[in-house]
Number of protein chains: 2
Amino acid sequence: MRITLDDVRSAAARLDGVANRTPVVTSRTLDESTGATVFVKAECFQRGGAFKFRGAYNKIASLPDDVRARGVLAYSSGNHAQAVALAARLLGTSATILMPEDAPAAKVDATRGYGAEIITYDRWTENREEIGSGLAGERGVELVRPYDDPLVMAGQGTTALELLDDVPDLDVLVAPVGGGGLIAGCATAATALRPAIRVVGVEPAAGDDTRRSLAAGERIHIDVPQTIADGLQTTAPGELTFDVNRRLLADVVTVTDEEIVDAMTFLFDRLKLVAEPSGAVAVAALLTGAVSAPCARVGVVISGGNVGAQRFAALTAGREP
Amino acid sequence: MRITLDDVRSAAARLDGVANRTPVVTSRTLDESTGATVFVKAECFQRGGAFKFRGAYNKIASLPDDVRARGVLAYSSGNHAQAVALAARLLGTSATILMPEDAPAAKVDATRGYGAEIITYDRWTENREEIGSGLAGERGVELVRPYDDPLVMAGQGTTALELLDDVPDLDVLVAPVGGGGLIAGCATAATALRPAIRVVGVEPAAGDDTRRSLAAGERIHIDVPQTIADGLQTTAPGELTFDVNRRLLADVVTVTDEEIVDAMTFLFDRLKLVAEPSGAVAVAALLTGAVSAPCARVGVVISGGNVGAQRFAALTAGREP
């Protein structure tokens, strides 16, 4: 079940002409602030506003025609929901998305806007995985997991494949860690292409399940983390992603919510980039020195930009300009 | 004194490898919202955060060596100041910038950060043009005007040259109008390359000096406009820019401050782009229908992204998501 560079390359072939090849942004100010030469892979410009489209599309495109035709299902209140809905539409099949009934209206609308059917559940009394598996079985549709799937991981890995194609001589690659699919795919591609590269993951301080799991040598479960990084509120690493990440990651570091907001503000003010809280953690780790790489060539992934202007304003209110 | 496509091409040669070739961004949501196929030239990613670098660099690079060596001077509290300071530094000369003593500290710091000497004046009792000309004469340095200069106009025109190189078959080009340098340069390039193109300018409703001047057939002076579009608070078109724009513009339309904030919010939420108020007026005109071009291929310039996170939050607070 371990993925290889070839799996990532196959994903890239499927995504060619469908996913955006997102820009790599550089900034003298960011270099001066970090002491490194930094290359920002801006997945905020990916379709659906986040890297999630890569994995969702790769998974759904890889299904046998008859399976795909029956439709797909995902449980997510965030970027994975929109990614699955969009990928399903592009591939001519139907998507059912299970969302908590208190999900933000904007996210529900965006997902419905891609043509998905939305089913809500009570997040306090019901278990989404049980409902999701039950519904998928009942309807005979394929469940698209957010990270613990080799095809999803391979799709996310195309982020690093593109970045290393643009900037082959990176010393360090830094990316956010939620369930671990993005960094597992990226680490698979990056370490295969460039064995000396150090791949470092970043988690919110309150949600360091992967950092703890790596320290313990086994998957550790934590309570639902209280953090503004809503895409990184996982309670445990994925089984498949952890198996990759324990082998390939050099380190996992953490940043606080305050540091995340500082990074979002920095990216807005200096690079004119919109990063959602989860999307900004890797840049935050560079700015705080949690990842220190003096004089190195550092690739860093902004994983998504799905933060509304209202929420951005509320988060950054009162911060120093 | 009229500029030609050749002048714009010469500017492009000077800027090659120095200015950023900014991306052209497309968005299905923007197309659906406007009924057109829209190509956004994102000058928020230009060096210094706005198109102004193009004109300033072209001007300073074109000075005879001995003149340039004595230094340059500009009066501006905004993007032109940063552009002149940055261009001067890159070209190995000194810049003096005359700024109102109540200019925002962030802009003063940014300009000083590029190595410029800042001289302040009292904007309520002193005339910046008199002080500027006086100082320039006294110090024997060259004054770099913000728009009423053929080399500045030609530099700004490279924005359209690049856009039409990427998207040759545009039907309409929409750009902000302050002093008129950006649109004069762009109209010169665009109408020469594509005679059938309609070039439309956009002003803030409170500051429609160019619209009024075109209607009157002569340059009309207005009071300092009260608008959030601080880069477009000109009181009259430039002499040289008006001479170009009266010949080449198909129309000038206006948008309100509220419509500008709506456009800034739309760009943030949907395209993940940071536009300052002045930078968003052309997109605002498309979204409101002030520029209506059903089924047309429309190029639109976001002229800059220099709005701090704090000001963005304050402007967009209370708007619908």
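Conventions we followed
- Residues numbered from 1 in each chain as written.
- Chains lettered and ligands numbered in written order.
- Predicted model: local features only at pLDDT ≥ 70, side-chain atom pairs only at ≥ 80, totals over all residues.
- Heavy atoms only, no water.
- Pairing = 2+ DSSP bridges.
- Helix = DSSP H or I, 4+ residues; strand = E, 2+ residues; numbered from the N terminus.
- Contact = heavy atoms within 4.5 Å.
- Axes fitted to C-alpha atoms, helices over the stretch in contact; angles between N-to-C directions.
- Buried < 20%, exposed > 50% of the residue type's maximum accessible area, 1.4 Å probe, protein only.
- Right-handed = clockwise from strand over helix to strand, strands pointing away.
- Polar contact = N/O pair within 3.5 Å; in protein donor to acceptor, adjacent residues only side chain to side chain.
- Expected span 1.5 Å × (residues − 1).

Student: I'd like a description of the sheet that holds strand β1 (residues 24–25) of chain A, backed by residues and values.
Tutor: All names here are of chain A. Sheet architecture is open: six strands sit in the order β1-β2-β10-β7-β8-β9, paired in mixed fashion. Edge positions in the open sheet fall to β1 and β9 (251–255), since each of these has one partner strand only. Against the sheet, helix α8 (residues 150–166) contacts β1, β2 (37–42), β7 (172–176) and β10 (297–302), and its axis sits at roughly 135° relative to β2.

Student: Account for the pairing of strand β8 (residues 198–204) of chain B, with residues named and values stated.
Tutor: The side chains of a regular strand alternate between the sheet's two faces. Residue and element names in this part refer to chain B. Here β8 lies mainly inside the structure; six of its seven residues are buried. In this sheet, β8 lies alongside strand β7 (residues 172–176) in parallel orientation, the contact comprising five bridges. The partner of Pro 176 across the bridge, within β8, is Val 202. Handedness of the crossover joining β7 and β8 through helix α9 (residues 181–193) is recorded here as right-handed. The pairing of β8 with strand β9 (residues 251–255) spans five bridges and is parallel. Bridge pairing links Val 200 to Asp 251 in β9.

Student: Quick rundown of the side chain of Ser76(A)? Include the residues and the values.
Tutor: Residue and element names in this part refer to chain A. Looking at the element boundaries, Ser 76 is found in the loop between β3 (72–75) and α5 (79–90). Ser 76 gets classed as buried once you look at its relative accessible area, which sits at 8%. A polar contact of 3.2 Å, which involves the side chain of Ser 76, links it to the backbone nitrogen of Ala 81. Each residue touching Ser 76, except ones within four places of it in the same chain, is listed here: Ala 81, Ile 97, Leu 98, Met 99 and Arg 128.

Student: An account of helix α12 (residues 257–271) of chain A is requested, with residue identities and associated values reported.
Tutor: Residues and elements named next belong to chain A. Between its first and last C-alpha atoms α12 spans 20 Å; for 15 residues at 1.5 Å apiece the expected length is 21 Å, and the two agree. Of the residues making up α12, those classed as buried are Ile 260, Val 261, Ala 263, Met 264, Thr 265, Phe 266, Leu 267, Phe 268, Asp 269 and Leu 271. A positive backbone phi angle near 60° is found at Lys 272, which sits one or two residues after α12.

Fair warning: the whole summary comes from geometry, so function is off the table for now.
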